[in-house]
Structures are given as C-alpha cells and as structure tokens.
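Examining the three-dimensional arrangement
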Amino acid sequence: MSKRPIFSPGSFFHGTKADLNVGDMLITGVKKNYSDDRKSQYVYFAGTLDAAIWGAELAEGDGAERIYVVEPTGGFEDDPNLTDKKFPGNPTKSYRSKQPLKIIAEVIKWQRHDPAVLHAMVENLKKLEAQGIRAID
C-alpha cells in the first residue's frame, strides 16, 4: 500500500525563510518577508509549488528557505499584485487573506530555480526598487 502524498492538486503553499512548525498559524500584522519593516495586512499563499519556491528564494533573511503546505481558515481572494497587474486569470494561483493560514505540513524536497534565473529575477527586482517600484508586496 502506498502512502498518501502530503499535498495534492488543490493544495496551497507558502514560501518563506521563517522556521515554523506544523500547527502554527501564519497571521497578519507581522513583518513581511520582503524589503522593509512594514507589517503585513494580508497573508499570501499560492496554489502552485513553483510560486511558493519563488517566495522562499526571494524572502529576506538568513534562515533556511522553507515551503509549507497551508490551509486557509477563512475567505481569500486573488492576489491583485500579480493577477490584476501581471497575470490576468491568475495562472500562478496566487492568493491573499486577512484570515490566518494553518501550517499542515512542510515540503521537504523541492527544486530551486536555476541560479542564473534566480539571479536575473533578483537583479530585475533591484532595478524596479531603484525606480521606486515595490514589485513584491
């Protein structure tokens, strides 16, 4: 008999460098993963592992990159930072919520983006920031 996978189609993911545990809640009102000390008004998550990998790789801090399988505890909406501005129709399956997300598992094995692709993304984000554009909210 095979083991049931921890995640399946329809799972939600959150990429970060925060060291959390199964059962912890991701909540609003704490420091964001990116670029400044603003407090988060939303918790962000994705329905694709690739989007969560970007979240983990681009998160600031010295901690290990982590991807958690999360479960929304309330309503959520498409992330307008991506869906309205960059990807109509939400192909990245990126979402946000004001309600907590419960961590139900950690994705242990995942593949990082190619270093050249990651470097290009980081350099592009730096250029946008120099222009006063906060591409990652």
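In what follows, the structure referred to is the one given above.
This is a predicted model, so every value here is computed, not measured. Within each chain, residue numbers correspond to sequence positions counted from 1 in written order. Totals for whole chains, interfaces and linings use every residue, but because this is a predicted model, local features are given only for residues with pLDDT of at least 70 and side-chain atom pairs only at 80 or more, for both listing and counting. Neither water nor hydrogens contribute to the side-chain values; these are computed over all heavy atoms in the structure.

1. Some points on the packing of aromatic side chains
- Here the aromatic set is Phe, Tyr and Trp, taking the six-membered ring for Trp, and pairing holds for ring centres within 6.5 Å; pairs whose planes are under 30 degrees apart are stacked, those over 60 apart are edge-to-face, and all others are tilted. Within this structure, the stated rule accounts for seven aromatic pairs.
- Ring geometry for Phe 12 versus Phe 76: centroids 5.4 Å apart, planes at 75°, classification edge-to-face. Of the two residues, Phe 12 is situated in strand E1 (residues 12-16) and Phe 76 in the loop between strand E4 (66-72) and strand E5 (77-78); the sequence distance between them amounts to 64 residues.
- Remark: exposure states derive from per-residue accessible area (1.4 Å probe, protein chains only) relative to the maximum for the residue type, with buried under 20%, exposed over 50%, and partly exposed in between. Using a relative accessible area of 18% as the deciding quantity, one classes Phe 12 as buried.
- Relative accessible area serves as the criterion here: at 38%, Phe 76 is assigned to the partly exposed category.
- Pairing Phe 76 with Tyr 95 gives two aromatic rings, centres 5.3 Å apart and planes at 70°, and the pair type is edge-to-face. Placement of the pair is Phe 76 in the loop between E4 and E5 and Tyr 95 in strand E6 (residues 94-97), with a sequence separation of 19 residues.
- For Tyr 95, a relative accessible area of 15% puts it in the buried group. Here a helix means four or more residues in a row that DSSP labels H or I, a strand means two or more in a row labelled E, and each is numbered from the N terminus.

2. Remarks on the nonpolar core
- Listed in full, the nine residues of the largest apolar core are Phe 12, Leu 26, Val 43, Phe 45, Tyr 68, Val 70, Tyr 95, Leu 101 and Ile 103.
- If you list the elements that add at least two residues to this core, you get strand E3 (43-46), E4 and strand E7 (101-107).
- Once residues lying within four places of it in the same chain are set aside, the contact partners of Leu 101 are Asp 24, Met 25, Leu 26, Val 43, Tyr 44, Phe 45, Val 70, Glu 71 and Pro 72.
- Buried residues of nine kinds, namely Ala, Val, Leu, Ile, Met, Phe, Trp, Tyr and Cys, make up a nonpolar core once their side-chain atoms join them within 4.5 Å. Within the second largest apolar cluster, eight residues are counted, among which are Phe 13, Ala 52, Ile 67 and Val 69. Two residues form a contact once any of their heavy atoms are found within 4.5 Å.

3. What about the side chain of Lys 17?
- Tracing the backbone through its elements, the reader meets Lys 17 in the loop between E1 and strand E2 (25-26).
- Under this rule, positive means Lys or Arg and negative means Asp or Glu; His and the chain ends count for nothing. The rule for a salt bridge is simple: a side-chain nitrogen of Lys or Arg has to be within 4 Å of a carboxyl oxygen of Asp or Glu. Lacking a salt bridge, the buried Lys 17 has Glu 65 as its closest oppositely charged neighbour, with an N-O distance of 4.6 Å.
- Side-chain atoms alone can form a polar contact between residues adjacent in sequence; in general such a contact is a pair of N or O atoms within 3.5 Å, and within protein one must be able to donate a hydrogen while the other accepts it. Engagement of the side chain of Lys 17 in a polar contact is seen with the backbone oxygen of Ala 59, the distance being 3.1 Å.
- Among the polar contacts made by the side chain of Lys 17, one reaches the main-chain carbonyl oxygen of Gly 61 at a distance of 3.2 Å.

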